[in-house]
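# Breakdown of the fold
Residue-level listing of the chains:
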Amino acid sequence: MEFRHLRCFTVLAEELHFGRAAQRLAMTQPPLSMAIQQLEADVGARLFERNSRGVALTAAGQAFLPRAQALLEQAALAAREARDVGQGLAGQLQIGFAGTVLYRGLPQVLREFSKAHPKLRLALRELSSSEQLVELVHDRLDLGFVHTTRVPAGFSQILVSSQPFMACLPASHPLAKKRQLSLQALKEESFAIVMRAVSPDYHDRILAACADAGFEPALGFELRHWLSVVSVIAKGLGVGLVPAALQQAGLPGVVFLPLEQPLAPYDTHCLWRTGRDQSALGVFLAAVREVAGG
C-alpha cells in the first residue's frame, strides 16, 4: 500500500468524480483509475461503485476513508517534524552548566533563544566543569557552559563571559570597609574554596595566587559550589576569592572587594564537539554568539 494511492483515494472520495479528482491531483484519469484499482487489490475490497451516474463510496470505502485520511495526516506531520528538526526549528538539546553561569551568560542566552525558537526544547543539567567534560566526551551532552582551560581534542568553544575575581569577606570583618584589598592581607585567614575535584583550574589558580603573595592559605572549607563558598563566608566562617558575578546572588552578610593585584579572569566557555550535527545545535550556538558578542 503506497501513500500516493491513499492520496488518490481520499481526493476521489471527496470529489466523487474522476475528472475533478484527476485535475486536483495534476494527473490524467487513466493513471488515477489504475491507482484506485491497485489500492483495492491491496485492501482486498472494492472501495468505489462506478456506474453511468458517477462514483460512490462502498461500505468498505466509507470505513476505509477516515483511516486513510489519518494515515496521510500522520505522514504529513512526521515529515513536518523531521523538516523542523533538520532545520533546527524543533527537537531537544541536552545542555550542561556550572552554577555561576546563572549569574553571568546563561540567562541572557536562554531569553534570546526561547523567544525565537519556542519548539526547541532545552534540557538543562547543573554539573561541575569536570563532570561536564566527562558527559561531553561520552556524547551525553550536546554542549556545556564550563569554567576550564582543559578542553579535550575535537571540541570547539566560544568565550561567553570573562569576569574578575574578588575578595569575599564577612560584612563584620575588620577589612570589610576597605575600597580594595591586597591578597597578602588575608594570609592569616581561613579560606573557603571550591574543591579541586569540582574545579581543578580555579582551585589551583587560587592556591597559586596565594603562593605568589607569599603564603599558603589555610583551607577551612572545600565545597562543591561557589554559592556554598559565599554562604560559608556570610556566616563568618572564613574568607575567599570568588567570581565577581556572585555579587548578584544577593546573599546578606558578605562584602566583595576588588583586589589590588587582579588575578587572571574567571572565564566561561560554551563547549561542544566539533562536527556534531549542527541543526538545533547550530541555532543555539547562534544565540550564544549573539550574547557573547554583545
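Here the structure is shown first, and the text comes after it.
Below is a summary of the structure that appears in this document. (Residues numbered from 1 in each chain as written. Predicted model: local features only at pLDDT ≥ 70, side-chain atom pairs only at ≥ 80, totals over all residues. Heavy atoms only, no water.)

### Side note on the layout of surface pockets
A probe as big as a water molecule, rolled over the atoms, marks out the empty space that is left. Let me state the cut-off plainly: The definitions used throughout rest on a 1 Å grid laid over the protein atoms alone, on which a cavity is an enclosed set of points accommodating a 1.4 Å probe that cannot get out and a pocket is an open set flanked by protein within 12 Å on both sides along at least five of seven lines; lining residues are those having an atom within 4 Å of a point. Grid points are joined across faces, edges and corners, and a volume is the space filled by probe spheres set on the points. In DSSP terms, a helix is any run of H or I states spanning at least four residues, a strand is any run of E spanning at least two, and both are numbered starting from the N terminus. Each residue receives one of three labels: charged for Asp, Glu, Lys and Arg, nonpolar for Ala, Val, Leu, Ile, Met, Phe, Trp, Tyr, Cys and Pro, and polar for the others, Gly being one of them.
Considered as a void within the structure, the largest pocket measures approximately 290 Å³ in volume. For the largest pocket, the lining is made up of 20 residues, of which G99, T100, E126, H225 and W226 are closest to its centre. For the lining of the largest pocket, the secondary-structure elements that each account for two or more residues are α6 (129-137) and α8 (226-234). Considered class by class, the residues forming the lining of the largest pocket number 10 nonpolar, 7 polar and 3 charged.

### Describing the pairing of strand β5 (residues 143-146)
Definition in use: Note on classification: 1.4 Å probe, protein chains only; a residue is buried when its accessible area is under 20% of the maximum for its type, exposed when over 50%, partly exposed between these limits. Between any two strands, at least two bridges found by DSSP are needed for them to pair.
Here β5 shows a buried face lined by L143 and F145 and a second buried face lined by G144 and V146. Bridging between strand β3 (residues 91-97) and β5 involves 3 bridges; their strand directions are parallel. Note that in β5 the partner of I95 across the bridge is L143.

### With respect to the packing of aromatic side chains
Worth spelling out the cut-off: Aromatic pairs are defined between Phe, Tyr and Trp rings, using the six-membered ring for Trp, whenever the two ring centres lie within 6.5 Å; interplanar angles under 30 degrees are classed as stacked, those over 60 as edge-to-face, and all others as tilted.
Applying the stated criterion across every chain, the model contains 10 aromatic pairs. Both rings, one in F191 and one in F215, keep their centres 6.3 Å apart while their planes meet at 40°; by these two values the pair is tilted. Taken together, the positions of F191 in strand β8 (residues 190-194) and F215 in the loop between α7 (200-212) and β9 (218-223) put the pair 24 residues apart, joining distant regions of the chain. This pair shows no difference in class: F191 is buried, exactly as F215 is. Their ring planes at 90° and their centres at 5.7 Å tell us that W226 and Y266 sit as a pair that is edge-to-face. Of this pair, W226 sits in helix α8 while Y266 sits in strand β12 (residues 266-273), placing them 40 residues apart in sequence. One aromatic cluster is present, built from ring pairs that chain together F165, Y202, W226 and Y266.

### Concerning helix α5 (residues 106-116)
For clarity, the cut-off: Arc definition: directions from the helix axis to the C-beta atoms.
Every buried residue of α5 is accounted for by L106, V109 and F113. Here the buried residues of α5 occupy an arc of 65° about the axis, which is enough to place them on one side. Opposite the buried face of α5, by more than 90 degrees, sit the exposed residues R111 and K115.

### So, unusual backbone geometry
For A26, which is not a glycine, the phi torsion comes out positive at approximately 60°. Here A26 is to be found in the loop between α2 (18-24) and α3 (29-43). Among the residues examined, A26 registers a relative accessible area of 73% and is labelled exposed. Even without glycine at this site, D139 takes up a positive phi of about 60°.

### Some points on the sheet that holds strand β6 (residues 155-163)
The pairing of strands in a sheet happens through backbone hydrogen bonds and is either parallel or antiparallel. Convention followed: The axes are straight lines fitted to the C-alpha atoms, using for helices just the contacting stretch, and the angles between their N-to-C directions are given from 0 to 180°.
What the 5 strands build is an open sheet, ordered β4-β3-β5-β12-β6; its pairing is mixed. In this open sheet, the two strands that pair with only one neighbour each are β4 (120-126) and β6. Strand-to-strand twist of the sheet, defined as the mean angle between neighbouring strand axes without regard to direction, takes the value 20°. Across 7 bridges, the pairing between β3 and β4 is parallel.

### Observations concerning the side chain of T10
To keep things clear, this is the line we draw: Residue contacts are defined here by distance: any two heavy atoms, one from each residue, within 4.5 Å place the two residues in contact.
Position of T10 relative to the elements: it lies in helix α1 (residues 3-15). Overall, the relative accessible area of 3% leaves T10 in the buried class. Ignoring any residue separated from it by four or fewer positions in sequence, one finds T10 in contact with L65, A68, Q69 and L72.

### Details of the sheet that holds strand β10 (residues 240-243)
Pairing is antiparallel in the open sheet, where 3 strands are placed in the order β10-β7-β11. Each of the sheet's edge strands pairs with one partner strand only, and the pair in question is β10 and β11 (254-257). Between one strand axis and the next, the sheet turns by 40° as a mean value, whatever way the strands run. Bridge count between strand β7 (residues 165-170) and β10: 4 bridges; the pairing is antiparallel. Within β10, the residue paired with C168 across the bridge is G240. Against the sheet, α8 makes contact with β7, β10 and β11, and its axis sits at roughly 135° relative to β10, the strand it touches most.

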